[in-house]
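Architecture at a glance
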Amino acid sequence: MQMYLLLTDTCNLYCSFCIRGKRKSNLYLDVESLKIILSQNNFFDYYLLITGGEPSLHRNLPDIIGLCQSYFKGVSINTNGVESGWINKCRNFNFHVQISLDGTKEYHNMLRGNGKSDVYSAVIATIRKLNQFAIPYNISTTVGNENYENVKSLCEVMNEMSGMKYWKVSPQLPFGCMYNTDSVFGVKRWNALVDFLLDHARVLLSIKKLFDFDVLERYLKDNPLRRNFPKNNCGSVKYKIYVYPDFTVYPCTCLTDFPIGNLLNSNLRDILKSEEATRFSDYRILPDSTCNDCKYVDICNGGCIGMSYHFFGKLGKGDYRCPLMKR
């Protein structure tokens with residue numbers, strides 16, 4: 001189980017594709033409340049991903065890392081890499097760091113620094129510091145129409161990253177700042193990029209195709225009785241939850257219209273058993289969804305839950321990106 005903990009929703013960058021959106025509350029997680037919550041819950045089977053906003057803006061980030069290491073199975077920090085002063089302030093270096101890098105210098109500075117600040121050089125300096133302290137890290141790249149071709153050049157940069165554990169590459173999603181824009185490209189174009197990177201990357205890749213029907217066909221062939229199909233979509237509530245700075249719990253960062261509880265008022269075990277939570281952990285597509293006519297429905301269960309809600313205005317309709325649904 002993964003728990004994403006947002007230390008703040010503020011950020012020191014203004015990325016046009018931020019999945020959190022432009023609305024900011026300027027809240028910062030209260031450390032004393034966190035201590036109480038940690039003592040009242042069992043998180044030993046959870047992997048914690050500390051994120052934001054930008055988590056390095058929280059002045060107590062090193063203390064929060066040290067505190068959480070005693071309660072979670074593992075701790076990772078997702079950062080844009082601009083700030084690195086917190087690294088050498090950490091008392092315990094037993095954690096993982098994920099850094100965002102979305103293109104070569106020109107493109108990353110355009111996407112993350114509005115072309116006005118050298119964000120790229122700051123990220124490279126942070127990477128050097130992580131190597132200096134032997135802290136494990138991976139690099140995460142988000143791909144949209146603006147940097148689609150440049151990611152192929154970025155691949156050569158990644159091939160020289162000797163200290164990096166793996167390179168995570170994901171498509172931009174139409175949530176947050178990207179809601180109702182045309183910057184998000186189609187499934188066919190994304191899958192072509194996946195093939196290119198698999199052929200050219202010499203580092204470990206974390207990447208996957210969308211709606212890979214060849215894989216689905218093999219899965220159907222290997223499981224003719226369909227007894228072992230997961231039916232878990234992306235795992236909202238079942239395998240992951242998001243906790244915001246005020247300790248409100250959500251099934252996903254793209255489903256913030258559906259709070260399932262607050263850790264200041266209830267323990268996590270009770271929250272996950274609530275009616276609001278089981279709506280997602282036991283998620284099923286609606287009877288009138290066109291997905292019911294698809295032979296793959298037992299595998300994907302309608303795809304991304306957030307895609308259904310943000311495109312159709314309701315849960316359970318299906319993932320509108322699916323080529324079969326479009327057809």
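Structure: see above.
Report follows, based on the coordinates. These numbers come from a predicted model, not from an experiment. (Residues numbered from 1 in each chain as written. Predicted model: local features only at pLDDT ≥ 70, side-chain atom pairs only at ≥ 80, totals over all residues. Heavy atoms only, no water.)

What follows deals with the sheet that holds strand β6 (residues 167-171). Taking strand neighbours across the sheet as the criterion, the ten strands line up as β7-β6-β5-β4-β3-β2-β1-β8-β9-β10 in an open arrangement whose pairing is mixed. One side of each edge strand has no neighbouring strand; the edge strands of this open sheet are β7 (205-206) and β10 (261-262). Of the pairings in the sheet, the one linking strand β2 (residues 47-51) to strand β3 (residues 74-79) comprises four bridges and is parallel in character. From the neighbouring strand, L49 faces β3, where its bridge partner is S76. Contacts from helix α6 (residues 187-200) reach β5 (137-143), β6 and β7, with the element oriented near 165 degrees to β6. (Pairing = 2+ DSSP bridges. Helix = DSSP H or I, 4+ residues; strand = E, 2+ residues; numbered from the N terminus. Contact = heavy atoms within 4.5 Å. Axes fitted to C-alpha atoms, helices over the stretch in contact; angles between N-to-C directions.)

The next thing to look at is the packing of helix α1 (residues 31-40) against helix α2 (residues 61-68). Where α1 meets α2, the closest approach of the two axes is 11 Å, and the angle between their N-to-C directions is 5 degrees. As judged from the angle between their axes, α1 and α2 are roughly parallel. Contacts between α1 and α2 involve V31, L34, K35 and L38 on the former and, on the latter, I64, L67 and C68. Partitioned by chemical class, the residues of the contact of α1 with α2 number six nonpolar, no polar and one charged. (Parallel < 35°, antiparallel > 145°, perpendicular 65-115°, else oblique. Nonpolar A, V, L, I, M, F, W, Y, C, P; charged D, E, K, R; others polar.)

Our next topic: unusual backbone geometry. Residue G53 is bonded to the preceding G52 through a cis peptide linkage, with omega at 25 degrees. Tracing the sequence through the fold places G53 in the loop between β2 and α2.

Turning to its location among the elements, S140 is positioned in strand β5. Overall, the relative accessible area of 9% leaves S140 in the buried class. Discounting chain neighbours no more than four positions away, the residues touching S140 are Q98, I99, S100, L101, D102 and K168. (Buried < 20%, exposed > 50% of the residue type's maximum accessible area, 1.4 Å probe, protein only.)

As a further point, take the pairing of strand β1 (residues 2-6). Within β1, four of the five residues are buried, which leaves the element mostly enclosed by the surrounding structure. Bridge count for β1 against β2 is five bridges, and the pairing is parallel. Residue pairing for β2: L5 is matched across the bridge by I50. Relative to strand β8 (residues 240-243), β1 is paired through four bridges, and the arrangement is parallel.

A few words on the side chain of H58. Structurally, H58 can be placed in the loop between β2 and α2. Its relative accessible area of 5% is what places H58 among the buried residues. At 2.8 Å, the side chain of H58 forms a polar contact with the backbone oxygen of L29. Once you skip the residues sitting within four places of it in the chain, H58 turns out to touch L7, Y28, L29, V31 and I64. (Polar contact = N/O pair within 3.5 Å; in protein donor to acceptor, adjacent residues only side chain to side chain.)

Here β6 shows one buried face, formed by W167, V169 and P171, and one open face, formed by K168 and S170. Taken together, the five bridges between β5 and β6 define a ladder with parallel strand orientation. Residue pairing across strands places I139 opposite W167, the latter belonging to β6. Regarding the hand of the β-α-β motif, the stretch spanning β5, helix α5 (residues 150-158) and β6 is right-handed. Looking at chain direction, β6 and β7 are connected through two bridges and run parallel. Looking at β7, one finds that W167 is bridged to L205. (Right-handed = clockwise from strand over helix to strand, strands pointing away.)

Close approach of charged atoms allows side chains with opposite charge to pair. Tallied over the entire structure, the rule returns ten salt bridges. Between R112 and D102 there is a salt bridge; the shortest N-O distance is 2.6 Å. Of this pair, R112 sits in helix α3 (residues 105-113) while D102 sits in the loop between β4 (96-100) and α3, placing them ten residues apart in sequence. Neither R112 nor D102 differs from the other in exposure class; each is buried. Across the pair D288 and K317 runs a salt bridge, and its minimum N-O distance is 3.6 Å. Taken as a pair, D288 in the loop between α9 (275-281) and α10 (297-300) and K317 in the loop between α11 (305-312) and α12 (323-326) lie far apart in primary sequence, 29 residues in all. (Salt bridge = Lys/Arg side-chain N within 4 Å of Asp/Glu carboxyl O.)

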